[in-house]
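Chain and residue survey
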Amino acid sequence: MSRALHEKPELTNARADFYGRMAEQKMTPLWEVLHTLLAEAPVTDAVPHKWDYDLCRPYIMESADIISAEEAERRVMVLENPGLEEKSCITEALYAGLQLIMPGEVAPAHRHSPCALRFIVEGTGAYTALNGEKAYMEVGDLILTPSWVWHDHGHDGDVPVVWLDGLDIPLVRHLGPVFAEPYPESEFPQGRPSGDNMARYGGNMRPFGETSGPANSPVFHYPYVQTRDTLDTLSKSGDIDARHGYKLEYINPTTGGPVMPTVGTYMQKLPNGFSGDVYQTTAAWVYHCVEGSGSTIINGQKMTWKARDTFVVPAWFKHEHQADEDSFLFSFTDQPVQQKLGLFREGETG
Ligand code: 1HN
C-alpha cells in the first residue's frame, strides 16, 4: 500500500493554545507546514512567459531619453516573471534583463560576486571590457562576466545596442554571499588586446604549462559566427536529438564543463518543420530566439516566438519545441548548480 504525503492535521483548541505558547520561544510546529515544504514534485511560483521584442523595444529605446547609462550605472529593463513580482527574478534562481547602451556612452567598471552573461540582441559597435580587455559585440554573441571580475561597457559605434543580461543573482542572494564594488577610478585601465582570451584558450589549445582549469571559463567571448557555423556543420550529420534538435553547450575549454559554475549556456538549431519530443527538468530555462520562428508547447499551452523574443520555462514545466523555419535558440539555465548539488533530474518523458 502506498502512503500519501503528510496532510495538515486538524487544528484543535488545545493545539492552537500550544502553538501560541511555544511561539514565545520562537518555535513553530513543523506538522502545520510540512505539506507546504514537501511536495511530490517541484512547486514554483514562476510561470511561463514571453517578452515579445516588438512590444518591449519601444520602451527600451525610450529609456535612453529618461536616464543615461552612467546615471543608471546599468540601463536595464528587468524581465520580471509575472509569478515573482518585485523580486527582480525571471525564475527562483535566475535574473534576466534587457540592457541598452547608446553610442558614446559608458557603463562604469564594477565587480560583484554574482556572475553574469550577455547575449547580444541588436546593434554593433559596443563592447564589454573584462579587466580592461574589450570584447566587441555582434548580434548572437555570448559574453561572460564571471564572479568578481571587473567589467565595464562602452560604445564606439553609431547605433543603439541591446543585449540580454542573465545573472545568478537570486540564487546568490538566497545563499547570502552577495558582494559588489565600484572601480574607484572613472576609467578602467586598458587591459590585454581584444581577442586575447580567445587566443589563449579558445583555439582548442591552452597556454604552455597549464594543467588544471579554473571554475569560470577563461574564454569570455563566444562569437555567433562560430556558434552558428558549428551548428550548421553539425546539422549536416542528420544526427538529431528528438527533444532538442541540434543543441550544443558553450563550454569552459579548460574543464569541458559549463562556462560558469552556476549557469549553463546553450545554442540549438531547430530545422524547418522540427517537432520535438517533450522535455521536463528540475532546471529552469530562459530561451532567446536569435533567428527563425516557431513555438514551444509548455504544459499544453502554445507559446509562439520569433527572432529577438525571450521566453522562460520554469522548473518541471513540460515543454516541446516546434520550428516554422530553420531557427536558432540560445538558452541559459541553472542546471549546472543543480547538477553539482546532486539535485538535477529529468522527467520520464520524450
Ligand atoms: C550588472 O552588473 C549588469 O554589469 C547588468 O551590466 C545587470 C543586474 C543585477 C545586478 C548587477 C552589468 C545587473 C547587474
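See the structure above.
For clarity, every value in this text was computed on a predicted model and none was experimentally measured.

Another point: the overall build of the protein chain. The number of helices and strands found in the protein chain is eight helices and 20 strands. Radius of gyration (C-alpha) of the protein chain: 22 Å, near the 20 Å computed for a compact globule of 350 residues. With the principal axes as the frame, the protein chain shows a C-alpha extent of 70 × 55 × 50 Å. Among the 350 residues that make up the protein chain, the fraction classed as buried is 47%. Relative to all contacts within the protein chain whose residues are 6 or more apart in sequence, the contacts with residues 24 or more apart total 74%. Working note: accessible area of the protein chain is about 17700 Å², and carbon and sulfur atoms make up 52% of it. Of note, the protein chain has its 28 positive side-chain charges centred 5 Å away from the centre of its 48 negative side-chain charges.

Taken together, Arg 74, Tyr 95, Gln 99, His 110, His 112, Arg 118, His 151, His 153, Asp 165, Leu 167 and Ile 169 form the complete shell of residues around the ligand. In this structure, Gln 99 approaches the ligand through a side-chain N or O atom, which is 3.1 Å from an oxygen atom. Here an oxygen atom of the ligand sits 3.0 Å away from a polar atom, N or O, in the side chain of Arg 118. Contact with the protein chains hides 86% of the accessible area of the ligand, taken as 330 Å² for the molecule alone.

As a further point, take the nonpolar core. By size, the foremost hydrophobic cluster in this structure holds 47 residues, and its most contacted members are Met 267, Phe 330 and Phe 332. The next biggest cluster of nonpolar side chains, apart from the first, holds 17 residues, and it includes Tyr 279, Ala 283, Trp 305 and Ala 323.

Attention now goes to the pairing of strand β8 (residues 142–145). Here β8 shows no split at all, with Leu 142 and Leu 144 on one side and Ile 143 and Thr 145 on the other all buried. As paired strands, β8 and strand β12 (residues 221–222) are joined by two bridges and run antiparallel to one another. When the sheet's bridge partners are listed, Leu 142 is paired in β12 with Tyr 222.

Now for helix α3 (residues 53–66). Because the α-helix completes a turn every 3.6 residues, residues three or four places apart line up on one side. With 14 residues, α3 extends 20 Å between its outermost C-alpha atoms, agreeing within 8% with the 20 Å of an ideal straight helix rising 1.5 Å per residue. Of the residues making up α3, those classed as buried are Tyr 53, Cys 56, Ile 60, Met 61 and Ser 63. The buried residues of α3 occupy an angular sector of 140° when projected down its axis, which confines them to one face. Turned more than 90 degrees off the buried face of α3, the exposed positions are Asp 54, Leu 55, Tyr 59, Asp 65 and Ile 66. In this fold, the buried residues of α3 make contact with β1 (49–51), β2 (76–78), β3 (95–101), β5 (116–122), β10 (161–167) and β17 (301–306).

Rules and cut-offs
- In every chain, residue numbers begin from 1 and rise along the written sequence.
- Totals for whole chains, interfaces and linings use all residues, but because this is a predicted model, local features are given only for residues with pLDDT of at least 70 and pairs of side-chain atoms are given and counted only at 80 or more.
- Heavy atoms from the whole structure form the basis of all side-chain values; hydrogens and water molecules are not counted.
- Strands are runs of DSSP state E lasting at least 2 residues, helices are runs of H or I lasting at least 4, and numbering of each runs from the N terminus.
- The globule rule is 2.2 Å times the number of residues to the power 0.38, and the radius of gyration it is compared with is taken over C-alpha atoms.
- Throughout this description, buried means an accessible area under 20% of the type-specific maximum (1.4 Å probe, protein chains only), exposed means over 50%, and partly exposed covers the range between.
- Residue contacts are counted whenever heavy atoms from the two residues lie within 4.5 Å of one another.
- Note on areas: these come from Shrake-Rupley sampling with a 1.4 Å probe, and a residue is covered only by the protein chains present in the view.
- In this tally, Lys and Arg are treated as positive and Asp and Glu as negative; His is ignored, and so are the chain termini.
- Lysine's charge is taken at NZ, arginine's at CZ, aspartate's at CG and glutamate's at CD.
- Nearness is judged by heavy atoms alone; a residue qualifies as near a molecule or strand once a single heavy atom is within 4 Å of it.
- Each polar contact in these results corresponds to two N or O atoms within 3.5 Å; when the atoms are within protein, one needs to be able to donate a hydrogen and the other to accept it, and residues that are neighboring in sequence are counted only if both atoms are side-chain atoms.
- Among the buried residues, those of types Ala, Val, Leu, Ile, Met, Phe, Trp, Tyr and Cys that are joined through side-chain atoms within 4.5 Å form a nonpolar core.
- At least two DSSP bridges between two strands are required for those strands to pair.
- In this scheme, a helix's expected span is set at 1.5 Å multiplied by one less than its residue total.
- Starting at the helix axis, one direction is taken to each C-beta atom, and the arc is that of these directions.

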